[in-house]
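# Inside the fold
These are the residues of each chain, in order.
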Amino acid sequence: MVMEIDLGPQAEKFRLEFRDWLEANKPASLEGYDDPNANPDTPELIDWAEKLREGGYLCVTWPEKFGGRGLSAAEVAVMNEELHAAGLPRVTRGMGENLVGPAIIAHGTDDQRERFLPRIISGEDRYCQGFSEPDSGSDLASLKTRGIIDGDELVITGQKVWTSWFWRANMLFCLCRTDPEAPKHQGISYVLIPLKRDDGSENGIEFRPLRQITGESHFAETFIEEARAPLSNVIGGLNNGWRVAMTTLGSERGGSATTQHVQFRREFWKLVKAARERGKIEDPIVRQRLAWAYSRVEVMRYQGLRLLSALLADQNPGPGGSINKMYWSEYQRRMAEYAVEILGPESMIVGEEYELEYFQRQFLQTRGHTIWGGTAEIQRNIVGERLLGLPKEPRPS
Ligand SMILES: Cc1cc2nc3c(=O)[nH]c(=O)nc-3n(C[C@H](O)[C@H](O)[C@H](O)COP(=O)(O)OP(=O)(O)OC[C@H]3O[C@@H](n4cnc5c(N)ncnc54)[C@H](O)[C@@H]3O)c2cc1C
C-alpha cells in the first residue's frame, strides 16, 4: 500500500477549497479526459480552461499580483491530485506559463510583467521557443541568430530548429546574439517576438514543419528574416539573455518534478490493464517489468517529495532538476519499450488512416524525451560537475 504523505495544514485547507470548487464546476463530459496527448484546442478543453481561468486556477504558481494564485509546491501537488481523482486535466498555458512566464517574473521590468503576463493567462499570447539552432543545441551559447538594434527596435535574422508548438503560437521567445564581440555567454539577448506585425502583416518568421516519427508535425524549422521586436520586448536587458534563459531551462528541467508521478502512475495502471486483457499478467517477465516500472514511479514520487521539501524550505533545487529530467525521460523510454512488447504484434499496426494507440505513440514519442530540454548526456554532465563535484569535461578553448 502506498503511504500517503501529509502535506501540511495549509495544503489540506486548499484541498477542501479546491474540491468544493471542482464539485460545483466540473464538466461531466471531460471525465477521463486526462490523456497528456489530448488536443488543447477542442471546444470542451477550451471551455474547461475558461472555467479554470474564471476560478483563478490558471498559472497558479505565479504570485497573485501577477494574476496567479501564489500556490506553494505542496498546494500544486494537491491540485493535481484532486484533478486526477476527478479524472480531469490540469490546464496550463504551455510554454507561456511554464517557460516564459517564470523568466518574465524573475527578470522582467514592471512594465513587461504588466504587458505580457495577463495575456498568457487569458490565452491571447501562445508562445513557442526559439532557442536551438542547426549547429547549437547542447552548446546553446554558440548560437548565431543575430539581433541588430535599429532605433527602438531589434531586428532579428537567423535560423532556429525543433520549434515545438509553432502551429498554435502567436509569439516566439528567442535567443539572439546582440554583441558578437563579447564572450559567447555574454552577448546574448532574450527577446519576445510577435509572429505578426501590428498591421497584421507577417513579421519575417517562416515555419517549415518537420515530419516526426509519429507521422505528425508538432515542430518546425524556423527561418527568421529581419523580424522586428521593440527593444522593450527584451527581457532582462540587452546582452543579459543567458541568465534569463537559465531560468527558462531550470523550469523546463525541474518544473513538474513534484507532481509528475501522478501521470506515470496512471500510465502504469493502464499498462497493467493492457497486460491483464491480453492474458499476460502471469508471465514472469511481464511481472518483473511491471515491478520495475512500479518501483521507479515510487522513486519519482519520493524524488518529487524531496524537491517539494526543498521548495517549501525556500531552497532553489538548482541542478537537482537535472536528476529529475534524466530519470523520468529514461524511465519513459524504457517503460514504452516494455509496453509495446506486452501489446505484441498489434503494436506494429500503422497506416495513414490508423490512429496510433496510446502506448504505440508513447514508444515513438518518448525517443525525443531524452533530447529536448537538454539531452540525458548533458544532464549527466551537470549532475557530475555541479552536484558531485567531478572534474569538468574537457572543452575546446
Ligand atoms: C521533441 C523535441 C522538442 C524540442 N522542442 C524544442 C523547442 O521547442 N525549442 C527549441 O529551441 N529546441 C527544441 N528542441 C531541441 C533540443 O533542445 C535539442 O535537440 C537538444 O538541446 C540537443 O541539441 P541537438 O539536437 O543539436 O544535439 P547535439 O547537441 O548536436 O547533440 C548530439 C549528441 O551529442 C551528445 N552531446 C553533445 N554535447 C555533449 C557533451 N558536452 N557531453 C556529452 N554528450 C554530448 C548529445 O547528448 C547528443 O546525444 C526539441 C527537441 C526535441 C527532440
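Residues numbered from 1 in each chain as written. Predicted model: local features only at pLDDT ≥ 70, side-chain atom pairs only at ≥ 80, totals over all residues.

## Focus: the overall build of the protein
If you tally the helices and strands in the protein, you get 11 helices and 8 strands. A compact globule built from 397 residues would reach a C-alpha radius of gyration of about 21 Å, and the protein, at 22 Å, matches this within 12%. By residue count, 37% of the 397 residues in the protein fall in the buried class. Taking as baseline every contact in the protein between residues at least 6 positions apart, the subset at least 24 positions apart corresponds to 72%. (Helix = DSSP H or I, 4+ residues; strand = E, 2+ residues; numbered from the N terminus. Rg over C-alpha atoms; globule rule 2.2 N^0.38 Å. Buried ≥ 20, exposed ≤ 12 C-beta atoms within 10 Å, placed from the backbone. Contact = placed C-beta atoms within 7 Å.)

## Overview of the nonpolar core
I156, Y190, V191 and I193 are the most contacted members of the largest nonpolar core, which totals 47 residues. Split by domain, the residues of this core number at least three in each of domain 1 (9–92) and domain 2 (126–241). Residues within four places of I193 in sequence aside, it is in contact with I156, M171, L172, C174, N203, A227 and A229. L71, A74, A77 and L308 belong to the second-largest nonpolar core, a separate cluster that totals 15 residues. (Core = buried A, V, L, I, M, F, W, Y, C linked by C-beta atoms within 7 Å. Domains from an automatic or database assignment.)

## Focus on the packing of helix α7 (residues 261–277) against helix α9 (residues 320–343)
Packing of α7 against α9 brings their axes to within 9 Å, and their N-to-C directions diverge by 20°. It follows from the interaxial angle that α7 and α9 lie roughly parallel. Pair α7 / α9 crosses with left-handed handedness. From α7, L271, A274 and A275 reach across to α9, where they touch A339, I342 and L343. Its residues placed into classes, the contact of α7 with α9 shows 6 nonpolar, no polar and no charged. (Axes fitted to C-alpha atoms, helices over the stretch in contact; angles between N-to-C directions. Parallel < 35°, antiparallel > 145°, perpendicular 65-115°, else oblique. Left-handed = near helix turned anticlockwise from the far one by under 90°. Nonpolar A, V, L, I, M, F, W, Y, C, P; charged D, E, K, R; others polar.)

## Observations regarding the site of the ligand
Taken together, 19 residues surround the ligand, and among them G137, S138, W162, G368 and T375 come closest. At the level of secondary structure, the elements contributing two or more residues to the shell around the ligand comprise β1 (127–130), β3 (153–164) and α11 (376–387). Its residues assigned to classes, the shell around the ligand comprises 6 nonpolar, 11 polar and 2 charged. When residues of the shell around the ligand are assigned to domains, at least three fall in each of domain 2 (126–241) and domain 3 (255–387). (Near = placed C-beta within 6 Å.)

## Considerations on helix α3 (residues 73–86)
The α-helix winds at 3.6 residues per turn, so residues separated by three or four positions along the chain end up facing the same way. In this model α3 runs 20 Å from its N-terminal to its C-terminal C-alpha over 14 residues, within 8% of the 20 Å that 1.5 Å per residue would give. For α3, the full list of buried residues reads A73, A74, E75, V76, A77, V78, M79 and L83. The first or second residue beyond α3 is G87, which carries a positive phi of 70°. (Expected span 1.5 Å × (residues − 1).)

## As for the environment of K51
By the secondary structure assignment, K51 is in helix α2 (residues 43–55). Overall, the presence of 16 C-beta atoms within 10 Å leaves K51 in the partly exposed class.

## Comments concerning unusual backbone geometry
The residue C59 is not glycine, and still its phi comes out positive at about 50°. Mapped onto the fold, C59 is located in the loop between α2 and α3. Positive phi is not limited to glycine here, since E226 has a value of about 50°. By secondary structure assignment, the location of E226 is in strand β7 (residues 219–230). With 12 C-beta atoms packed within 10 Å, E226 lands in the exposed category.

## What about the domain arrangement of the protein?
For the protein, the assigned domains are domain 1 (9–92), domain 2 (126–241) and domain 3 (255–387). Placing a centre on the C-alpha atoms of domain 1 and another on those of domain 2 gives a separation of 31 Å.

## Details of the packing of α9 against α11
Packed helix pairs are specified by the crossing angle of their axes together with the interaxial distance, meaning the distance between the axes. Put simply, α9 and α11 touch, their axes get as near as 9 Å, and they point 145° apart. The handedness of the crossing between α9 and α11 is left-handed. Only A376, Q379, R380, I382 and V383 of α11 make contact with α9, whose side of the interface consists of S322, I323, K325, M326, S329 and E330. Its residues assigned to classes, the contact of α9 with α11 shows 5 nonpolar, 3 polar and 3 charged.

## Concerning the pairing of β1
The side chains of a regular strand alternate between both faces of the sheet. Burial along β1 is two-sided: Y127 and Q129 and C128 and G130, pointing in opposite directions, are all buried. When β1 meets strand β4 (residues 171–177), the two strands line up parallel, connected through 4 bridges. Of the residues in β4, the one forming a bridge with C128 is L172. (Pairing = 2+ DSSP bridges.)

## Examining the environment of G215
Relative to the helices and strands, G215 is located in the loop between β6 (205–210) and β7. On the neighbour-count criterion, G215 (14 C-beta atoms within 10 Å) is partly exposed. Residues G215 and E352, 137 residues apart in the sequence, show an inter-C-alpha distance of 8.6 Å.

## Thoughts on the environment of R367
Checked against the element boundaries, R367 lands in the loop between α10 (358–365) and α11. Spatially, the C-alpha atom of R367 lies 9.7 Å from that of R334, the residues being 33 residues apart in sequence. Dropping the residues within four chain positions of it, R367 is found in contact with I213 and R333.

## Here's the deal with helix α1 (residues 9–25)
When the terminal C-alpha atoms of α1 are compared, their 24 Å separation across 17 residues agrees well with the 24 Å that a helix rising 1.5 Å per residue should span. Turning to α1, its buried residues number three or more, namely A11, F14 and F18. The arc enclosing the buried residues of α1, seen along the axis, measures out at 60°, which places them on a common side. Residues P9, K13, L16, E17, D20, E23 and A24 are exposed on α1 and point more than 90 degrees away from its buried face. Among the structural elements, α3 are those in contact with the buried residues of α1. (Arc of directions from axis to C-beta.)

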